[in-house]
Amino acid sequence: MHIRVENLTHIYNQGTPLERTALHEVNLEIEAGERIGLVGPTGSGKSTLVQHLAGLLQPTTGRVLLAGTPIHSKGATARSLRLQVGLAFQYPEDQIFEQSVFREVAFGPRNLGLDETEVKARVHWALEMVGLDPARIGPRMPFTLSGGERRRVALASILAMRPRVLILDEPTAGQDPQGRRALWEKVGQWQQETGMTLIIVSHALEELARLVERVIALRAGRVVADGPTREVLSDARLLRDIGLDVPEPVALLQALRQAGKDVRTDRLLPAEAAAEIASAWGLRRAGA
Ligand SMILES: Nc1ncnc2c1ncn2[C@@H]1O[C@H](COP(=O)(O)OP(=O)(O)O)[C@@H](O)[C@H]1O
Ligand SMILES: [Mg+2]
């Protein structure tokens, strides 16, 4: 589904002493099936932007179009388009309402009018996708879950809707590294199978490097970079400038370069950096 953001400005608490411009004239074009990483320091407007993509906020000015239809249009077309955008919140506490995990994840599919067999199948599938055992966790009351588990349940509720646009707002905060890797792998696989659009807000640059092809960077409510992942995430000056860490492999290669070694510095993953270094030392050819 094609997404277009036109001159989007969002001002919280306009006209009060707490007034705060979270987004300033943002313009974006997102094609169906793109895998996008959204980065930027805390307070740069990432969560505000993704809530607009899901139609959860009203713009102060500007608009968002889904498949050419303004997202807040009245009527069945816009409503059905909005239902195809799944946003997993940064703070899943805001999103969990039901008495049991099963009912929570089943809520969306039931609302879609699916029969109970399909609902059950989707709940099982979605919980397994996020690495939770349906039999064990299904009957639990959400408030008894750990923060990490709650985050996963919130994500499962979104997956169970089978959205065409999946937006994850800092989905792996509070997860252990192995669980994160497994989650990314499954989400990545599912994206490839379905061709859905994937938009991930994350500070985990290495994970983004593995998963997304395009990175958009925000600073103080404005888009300050938008391009191929390799270009944006190896731009150390830009990243430092907006207060983000430079990926370790890039920092390492830059140090070698400053020491006089002729290496490329746009290698985002450890294995890529290792191949680059081996090649510069004449150990073997890069990528061999
Ligand atoms: N509900 C809100 N009310 C008032 N200000 C808010 C609200 N949500 C976010 N803001 C402010 O808007 C700016 C952008 O916030 P946010 O979109 O959450 O950024 P990010 O997700 O990049 O951390 C920040 O200055 C934040 O304090
Ligand atoms: Mg946020």
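Here, every reference points to the structure presented above.
Definitions and limits used
- Residues numbered from 1 in each chain as written.
- Chains lettered and ligands numbered in written order.
- Predicted model: local features only at pLDDT ≥ 70, side-chain atom pairs only at ≥ 80, totals over all residues.
- Heavy atoms only, no water.
- Pairing = 2+ DSSP bridges.
- Helix = DSSP H or I, 4+ residues; strand = E, 2+ residues; numbered from the N terminus.
- Contact = heavy atoms within 4.5 Å.
- Axes fitted to C-alpha atoms, helices over the stretch in contact; angles between N-to-C directions.
- 1 Å grid on protein atoms, 1.4 Å probe; cavity = no way out; pocket = protein on both sides within 12 Å on 5 of 7 lines; lining within 4 Å.
- Points joined across faces, edges and corners; volume = space filled by probe spheres on them.
- Nonpolar A, V, L, I, M, F, W, Y, C, P; charged D, E, K, R; others polar.
- Buried < 20%, exposed > 50% of the residue type's maximum accessible area, 1.4 Å probe, protein only.
- Near = heavy atom within 4 Å.
- Polar contact = N/O pair within 3.5 Å; in protein donor to acceptor, adjacent residues only side chain to side chain.
- Areas by Shrake-Rupley, 256 points an atom, 1.4 Å probe, with all protein chains shown as cover.
- Salt bridge = Lys/Arg side-chain N within 4 Å of Asp/Glu carboxyl O.

Asker: Please explain the sheet that holds strand β4 (residues 61–66) as it appears in this structure.
Answerer: Hydrogen bonds between backbone groups are what pair the strands of a sheet, and the pairing can be parallel or antiparallel. Strand order in this open sheet of four strands is β2-β1-β4-β5, and the pairing throughout is antiparallel. Edge positions in the open sheet fall to β2 (20–30) and β5 (69–70), since each of these has one partner strand only. As paired elements, strand β1 (residues 3–12) and β2 share seven bridges and run antiparallel to each other. By the bridge assignment, His10 is partnered in β2 with Leu23. Packed onto the sheet, helix α1 (residues 46–53) meets β1, β2 and β4 and runs at close to 125° relative to β1.

Asker: What should I look at first to understand the layout of surface pockets in this one?
Answerer: A probe matching the size of a water molecule, rolled over the atoms, marks out where space remains unfilled. Taken as a whole, the second largest pocket spans an internal volume of roughly 360 Å³. Lining the second largest pocket are 14 residues, with Arg181, Trp184, Glu185, Glu207 and Arg210 sitting closest to its centre. Secondary-structure elements contributing two or more residues to the lining of the second largest pocket are α7 (177–194) and α8 (205–211). Of all the elements, α7 adds the most residues to the lining of the second largest pocket, at nine residues. A breakdown of the residues in the lining of the second largest pocket according to their chemical character gives three nonpolar, four polar and seven charged.

Asker: Help me understand α1 in this model?
Answerer: For the α-helix, the turn length of 3.6 residues means that residues three or four positions removed from each other point alike. In terms of burial, α1 is a largely internal element, seven of the eight residues being buried. With its phi angle positive at about 75°, Gly55 sits one or two positions after the end of α1.

Asker: Help me out: how do you make sense of the site of ligand 1 in this one?
Answerer: Around ligand 1 sit Tyr12, Asn13, Arg20, Ala22, Pro41, Thr42, Gly43, Ser44, Gly45, Lys46, Ser47 and Thr48, and that is every residue in its neighbourhood. At 2.8 Å from an oxygen atom of ligand 1 is found a side-chain nitrogen or oxygen belonging to Arg20. Here Ser47 contributes a backbone N or O atom positioned 2.9 Å from an oxygen atom of ligand 1. Expressed as a share of its isolated accessible area of 560 Å², the protein-covered part of ligand 1 is 66%.

Asker: It is not clear to me how the pairing of β4 should be interpreted in this structure. Could you clarify?
Answerer: Along a regular strand, successive side chains alternate from one face of the sheet to the other. As paired strands, β1 and β4 are joined by five bridges and run antiparallel to one another. Across the sheet, Arg4 pairs through a bridge with Leu65, a residue of β4. Bridge count for β4 against β5 is two bridges, and the pairing is antiparallel. For Leu66, the partnering residue across the bridge sits in β5 and is Thr69. Remark: two residues form the turn of the hairpin made by β4 and β5, two consecutive strands paired antiparallel; Ala67 in that turn has positive phi of roughly 50°.

Asker: What exactly am I supposed to notice about the pattern of salt bridges here?
Answerer: Close approach of charged atoms lets side chains of opposite charge pair. Inspection of every chain in the model, using the stated rule, returns 17 salt bridges. Salt-bridge contacts for Glu272 lead to Arg230; the nearest nitrogen and oxygen are separated by 3.3 Å. With Glu272 in helix α12 (residues 270–280) and Arg230 in helix α9 (residues 229–233), this residue pair connects regions lying 42 residues apart in the sequence. Among the ionic pairs, Glu276 bridges to Arg267, the shortest N-O distance being 3.8 Å. By the burial criterion, Glu276 is buried, and Arg267 matches it. Through salt bridges with shared partners, a single ionic network connects Arg4, Glu6, Glu29 and Arg63.

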